Amino acid sequence: MRRRSVLTSGLTLGAGLALGGIGKLRADTATSGKLAIWLGYGETAPTYQLAMPAFKQLYPNVQVELLTFDLREFEAKLAVAVPTGTGPDLLALHDFLFPRYYESGSLDAVPSDLAAVAGDAKVFDPTFTTLVTRDGKPWGVPWWTGRSALFYNLDQFKEAGLSGPPQTIAQLWEYSEKLARRGADGNLTRAGISLRLTEPSGGIQKFGYFYYQMTGQQIFEPGKQPGMVRVTLKDNLDIATQALLDHVEHLHGPKKVDDWALKHDAQGFANGAAAMFFREAWVIPFVRKNGPDIHMGVAPMPRDKAWGAFNLVEILSVNKDSPLKKAAWDLIRLLQEQKYLDNLLETSGWIPLRKDRDFSGFLAKNPEYRALMEEPAGYKQYVEAPDTAYQEVTARTGEVILAAYRDASLLGNRDAARKVILKAHDTAVPILKDAGIYEA
Amino acid sequence: MSIASGQVLSPPTSARRGRLATSLARLRRQHILFVLATLGPILLLFGVIRVYPILETIRLSFYNYHITQLRRPFIGLENYARLLDDDSFLTALLNTAQFSALSVVITLTLALAVAILLRSIERAAPGFELLFYIPVVTPWVPAAVIWKWIYDPMYGVLNLGLSLFGVPRLGWLQEPNLIVYAIVLVSVWKLLGYFVVIYGVGLRGVPEELLEAAELDGATAWQRLVHVVLPLMRPIILFSVVICTIVCFNVFAPVYVLTASAQGAPAYDFKVLVGEIYQNGFVFYHMGYAGAECVVLLLCVLSLIAVQLLAFRER
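What you see is a predicted model, and the numbers here were worked out from it, not measured in a lab.

Visitor: Help me understand the overall build of chain A, please; the structure alone is not making it clear to me.
Guide: Regarding its fold elements, chain A presents 18 helices and 16 strands. Computed over C-alpha atoms, the radius of gyration of chain A comes to 24 Å, within 12% of the 22 Å expected from 2.2 N^0.38 for 440 residues, which places it in the range of a compact globule. Along the three orthogonal principal directions, the C-alpha set of chain A runs to about 95 × 50 × 40 Å. When contacts within chain A are restricted to residue pairs at least 6 apart in sequence, long-range pairs at least 24 apart make up 75% of them.

Visitor: How should the overall build of chain B be read in this particular structure?
Guide: Counting secondary structure elements, chain B contains 13 helices and zero strands. Counted from the first residue to the last, chain B has its helices and strands arranged as α-α-α-α-α-α-α-α-α-α-α-α-α. Against the globule reference of 20 Å for 315 residues, chain B gives a C-alpha radius of gyration of 28 Å, more extended than a compact globule. Overall, chain B is about 110 × 75 × 35 Å in size when its C-alpha atoms are taken along their principal axes.

Visitor: Explain the domain arrangement of chain A here, please?
Guide: Think of interface size as the accessible area that goes away when the parts come together; that is how it is often given. Residues and elements named next belong to chain A. Taken domain by domain, chain A holds domain 1 (2–145 + 312–378) and domain 2 (149–311 + 382–434). Look at where the C-alpha atoms of domain 1 and domain 2 centre, and you get two points 32 Å apart. Taken residue by residue, the interface counts 21 residues in domain 1 and 20 residues in domain 2. Put simply, the parts of the chain that give the side of domain 1 that touches domain 2 at least two residues each are helix H4 (98–103), helix H6 (126–132), strand E14 (308–318) and helix H16 (370–373). Among the elements that line the side of domain 1 that touches domain 2, the one with the most residues is H4, at three residues. Among the residues forming the side of domain 1 that touches domain 2, the class breakdown is 11 nonpolar, five polar and five charged.

Visitor: Looking at this structure, how should I read the interface of chain A and chain B?
Guide: At the interface, 25 residues of chain A touch 21 residues of chain B. Looking at the side of chain A that touches chain B, the elements that each hand over two or more residues are helix H3 (71–81), helix H9 (200–215), helix H11 (265–270) and helix H17 (390–406) of chain A. Its residues placed into classes, the side of chain A that touches chain B shows eight nonpolar, eight polar and nine charged.

Visitor: Mind showing me how you'd approach H9 of chain A here?
Guide: Structurally, the α-helix is built with 3.6 residues per turn, so residues lying three or four positions apart point the same way. Residue and element names in this part refer to chain A. In this model H9 runs 21 Å from its N-terminal to its C-terminal C-alpha over 16 residues, within 8% of the 22 Å that 1.5 Å per residue would give. Tyrosine 209 marks the point of greatest bend in H9, at about 25°. Most of H9 sits inside the fold, with 15 of its 16 residues counted as buried. One or two positions beyond H9, positive phi appears at glycine 216, with a value near 80°.

Visitor: Is there a simple way to think about the packing of helix H2 (residues 45–58) of chain A against helix H13 (residues 325–334) of chain A in this case?
Guide: A packed helix pair is summarised by two numbers, namely the angle formed by the two axes and the spacing between the axes. Residues and elements named next belong to chain A. Where H2 contacts H13, the axes come no closer than 10 Å and their chain directions differ by 140°. One element, H2, and the other, H13, form an angle in the oblique class. Of the two possible hands of crossing, H2 and H13 adopt the one that is right-handed. Contacts from Ala51, Ala54, Phe55 and Leu58 of H2 reach H13 at Asp330, Leu331 and Leu334. In terms of residue class, the contact of H2 with H13 is made up of six nonpolar, no polar and one charged.

Visitor: Hey, could you run me through the pairing of E14 of chain A in this one?
Guide: Each regular strand displays side chains that alternate between the two surfaces of the sheet. Residues and elements named next belong to chain A. Within E14, nine of the 11 residues are buried, which leaves the element mostly enclosed by the surrounding structure. Relative to E14, strand E3 (residues 90–94) runs antiparallel, the two sharing five bridges. From the neighbouring strand, leucine 91 faces E14, where its bridge partner is serine 317. By the bridge criterion, six bridges tie strand E6 (residues 141–147) to E14 in an arrangement that is antiparallel. Bridging from a neighbouring strand, threonine 145 pairs with valine 313 of E14. Of the pairings in the sheet, the one linking E14 to strand E16 (residues 380–383) comprises four bridges and is parallel in character. Residue alanine 309 lies in a different strand from E16, and its bridge partner there is glutamine 381.

Visitor: Looking at this structure, how should I read the sheet that holds strand E12 (residues 276–279) of chain A?
Guide: Sheet strands pair via backbone hydrogen bonds, and the direction of the pair is either parallel or antiparallel. Residue and element names in this part refer to chain A. Within the open sheet, the three strands sit side by side as E12-E7-E13. Their pairing is antiparallel. Each end of this open sheet is capped by a strand with a single partner; those strands are E12 and strand E13 (296–299). With strand direction ignored, the average angle separating the axes of adjacent strands in the sheet is 25°. Sheet topology places strand E7 (residues 149–153) next to E13; four bridges connect them, and they run antiparallel. Paired with tyrosine 152 across the bridge in E13 is glycine 297.

Visitor: When you look at the environment of aspartate 120 of chain A in this model, what are you seeing that I'm missing?
Guide: Mapped onto the elements, aspartate 120 of chain A comes out in the loop between helix H5 (112–118) and H6. Considering only alpha carbons, one finds aspartate 120 of chain A and tyrosine 379 of chain A, 259 residues apart in sequence, at a separation of 21 Å.

Visitor: Just checking my understanding: could you explain unusual backbone geometry for this structure?
Guide: What you tend to see is this: most non-glycine residues have negative phi, and most peptide bonds are trans. One non-glycine residue, aspartate 265 of chain A, lies in positive phi territory at about 60°. Position of aspartate 265 of chain A relative to the elements: it lies in helix H11. Positive phi, close to 65°, is recorded for tyrosine 285 of chain B, a residue that is not glycine. Note that tyrosine 285 of chain B resides in the loop between helix H12 (273–283) and helix H13 (287–311). Owing to 23 C-beta atoms within 10 Å, tyrosine 285 of chain B belongs among the buried residues under this scheme.

Visitor: Is there a simple way to explain the packing of helix H2 (residues 78–85) of chain B against H13 of chain B in this structure?
Guide: Residues and elements named next belong to chain B. Where H2 meets H13, the closest approach of the two axes is 9 Å, and the angle between their N-to-C directions is 75°. Regarding the angle of H2 to H13, the classification is roughly perpendicular. In contact with Asn79, Tyr80, Arg82 and Leu83 of H2, H13 contributes Gly288, Tyr289, Ala292, Glu293 and Val296. Residues that form the contact of H2 with H13 fall into these classes: five nonpolar, two polar and two charged.

Visitor: It is not clear to me how the confidence of the model for chain A should be interpreted in this structure. Could you clarify?
Guide: Should the pLDDT be low somewhere, the predicted coordinates at that spot are not to be read in detail. Summary statistics for chain A give a mean pLDDT of 89 and a share of 93% for residues scoring 70 or more. Every residue in residues 1–27 of chain A is under pLDDT 50, and counting partners more than four places away or in other chains gives two contacts.

Visitor: Explain the confidence of the model for chain B to me, please; I cannot follow it from the model alone.
Guide: All names here are of chain B. Of all residues in chain B, 93% have pLDDT values of 70 or greater, and the mean over the chain is 88. Mean pLDDT per element in chain B: helix H1 (residues 2–60) is the minimum at 82, and helix H3 (residues 87–119) is the maximum at 94. Low pLDDT (under 50) marks residues 1–6, which in the prediction has zero contacts with non-local residues, meaning those over four places away or in another chain. Taken together, the chains of this predicted complex give a pTM of 0.80 and an interface ipTM of 0.74.

Definitions and limits used
- Residues numbered from 1 in each chain as written.
- Chains lettered and ligands numbered in written order.
- Predicted model: local features only at pLDDT ≥ 70, side-chain atom pairs only at ≥ 80, totals over all residues.
- Helix = DSSP H or I, 4+ residues; strand = E, 2+ residues; numbered from the N terminus.
- Rg over C-alpha atoms; globule rule 2.2 N^0.38 Å.
- Contact = placed C-beta atoms within 7 Å.
- Domains from an automatic or database assignment.
- Nonpolar A, V, L, I, M, F, W, Y, C, P; charged D, E, K, R; others polar.
- Expected span 1.5 Å × (residues − 1).
- Bend = angle between axes of the 7 residues up to and from the residue.
- Buried ≥ 20, exposed ≤ 12 C-beta atoms within 10 Å, placed from the backbone.
- Axes fitted to C-alpha atoms, helices over the stretch in contact; angles between N-to-C directions.
- Parallel < 35°, antiparallel > 145°, perpendicular 65-115°, else oblique.
- Left-handed = near helix turned anticlockwise from the far one by under 90°.
- Pairing = 2+ DSSP bridges.
- pLDDT = per-residue confidence, 0-100.

Here is the structure:
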C-alpha cells in the first residue's frame, strides 16, 4: 500500500514536472504575466514609461514592473538574481556587465530580425556590433552610449582670453593653468580642469582618457583571444609615466590646477568651481538643471598621438529564463523607434546608437550635443575591453593611481612615477589571472 | 509478621513513590515542553538568523566562491593567506583599529565626564540626557549626509567657523591625515548620548552613604571618583567598553556616506574592514574572500573583548 502510494506520488510529481516543463516551453511566448525591468540608470525610466501605451496595445495582459536602483545596488541585485532564476525579464546591461551574463549562459539569442539590425553597419557602428557579438551571433541590441567629451565654461574661457576649447592634450594642460584661480589665501578657488581625484574606478577611467590619446591604446585592451584582456601599461611605460607626472605636476606645486578640497565633476562645473572637465553626455541636462547660469561649451576630446572618444554602452538583452521572452524582445523593438530614442536623448542626455535615425531637429535645438553626436573624420569611438573582472581591476588599479596623485614627492621624479605605473600593472595582472581572462 | 505487615504496607508506599515520580516526570516533561514551546521559536530564529550565517560564512571562507561562477572549489586556507598580502585589507585593518581606539576612548571618557557633570544637576539631568540621546536615534545615513555638508571644504560651516580664527581651509574628508578625525568626531557625536545614559544609570546606583563616608574621611572629589565611584561602576564600564568596541569595529555606514564622491559613488578614501568586506563580497562578488575577512573581523572583536574581560576582572 505504502509502496503504491509512493509510486503514485512519484508519477504525479513526474507528470507535474513534465507539464511544468511544457508549460515553461509555452510560457516563453506567453502573453500574460509580469514583465520585470530593472535599471541602474534610472534617468532612462521615462523612455520605458513612454513606450508603455504602445506595449500595452501589443500585450494588454502583461503587467510591466519597472524598478530603478542605485547603479552599484543594481549590479549587485542582478548578480544575485539572474543566476538564481529570479532576475528581471529584460536585461539592461552596461557593456562591462554584458560578458558576465553571456558567459554564465543567462542571455537569450536575439531574434533574427533584430539580429540583422544589430549586425548592420548602416545601423550600428561596427564597434558596438562587436561588443554584443559572440561566436558570430549578437546576444543583445546596443541602445545608447555615454560618450566622453570635454565640457568647458564659455564665460571663464573668455575671461582667460581663450577663444576656443583645447585641441591637444598639451594645450589642455596649458589652458588649465590659465583658467585656474586662487583666493587671497593662495588656495585654489577654481579648478582649471576638474580631474577625477576620488573613486578609483572613475579615476582610472579618466586617467585612461589621457592615456588613450597619448598612446592610442586603452589601459585594458581586448586580447587576441575572445574574452581575454591585456594590460598595456608596461608596453607604454614611458608615456604612462609622463601622463602620471603631468597629473602630479598639476596637482602640486606652482602649476597646480585642481585640489581635493574643491567641488568636483559635474557638481563643481555647475557651481562654476571648474572651468573644464571630461565627462559624458548626461552632463548637459545636469548642468542645465543645476547650473542654469553656466554657459557651457562641449568639444570632442583633445588629441595627441591618437584621437578618440570613450563609449560606455547600454545593451538591451533578454533573460534566458524569462517566461515572457517574446514580449521582452517586442519591447526592445519598440524602444528602437524614433519617438522613444528622441525621448531618451531629451530626458536622459544619453545618446542613442542608431545611425539610421534622424536627430537633426534635436541637434538644431541643442547644439551642445553636436560634439557628442557628430563624428569628425579620424575621431575614433572606443569601448572597454569585455572584462568580467571590470569593477575589481579598475577599482584596485585606480587606487594605485589615485594614491600617486596625492604624493607630492613624485613631482618631477620620473623613476618613482615609473614604479607607480609598474605597481598599477602588477596590481591588475593577478586580478585578471584570477578571473581567467588575462592575456600576456 | 512484621515482615508480612511490612510486605502489606510496602506496596502502597512504593506505589505512592511511583505515582510521585510519574507526576514529577510528567511535570518535568510539561516544563520542558513549555520551555521548548516558548523559547524554541526564538532559539530557532536565532539559529537561522545568527548562528547559521556565521557558520556558513566560516565555511565559505575556505572556498573560492564567486556569485556568478558555477565552479566554487575548496581552497583551504588560501583566502586567509592572501589577506596577509592584501594592501587594501591591511590598510582597512589598521584604519579600523585606529578609528576604534580613538572613538572608544574619546566617547567613553566624554560620556563619563558628562554623566558625572549631570549628576551635579540632578533635576535637569533627564532633559540633558534626552538632548544627548537625540543623535543616537537619528539614522546614520541622514546624519552622515548632514555632517558631509558641515565638513564641506568650500561651503561647510566648520571651515567657515574656523576661518574666523584665521584657520585656513581644510579638506576634512579629502585630506588622508584628517579624515580619520572627521569620522571619529561624527562617531563620538552619534554614540555619546547612549553611554551618557548608561553611565547615568550606573552613577545613580552608587550608594550615597559610601560617598558621604568617604567625604567624612576627607577624601577629595577626585579620590571619591577614583576609589569609590569607578570601582563600583566596573561592570557598567566593562559593558560600555565591549559594546562601544563592537560598534566601532563594525563601522561602515558613516564612512560610506561621508567618503562618497561627488557623483555618489563610494570613494573608499578611508578604508575600513566592513567596507572591504562589502566591496569584496557585494561589488567584486568574491564571497569566499569576503568570508575570510569576516572571520578575521570576528576574531579581532572577540580577542579585544577577551582582553577587556581580563583587564576588568575582579581581583
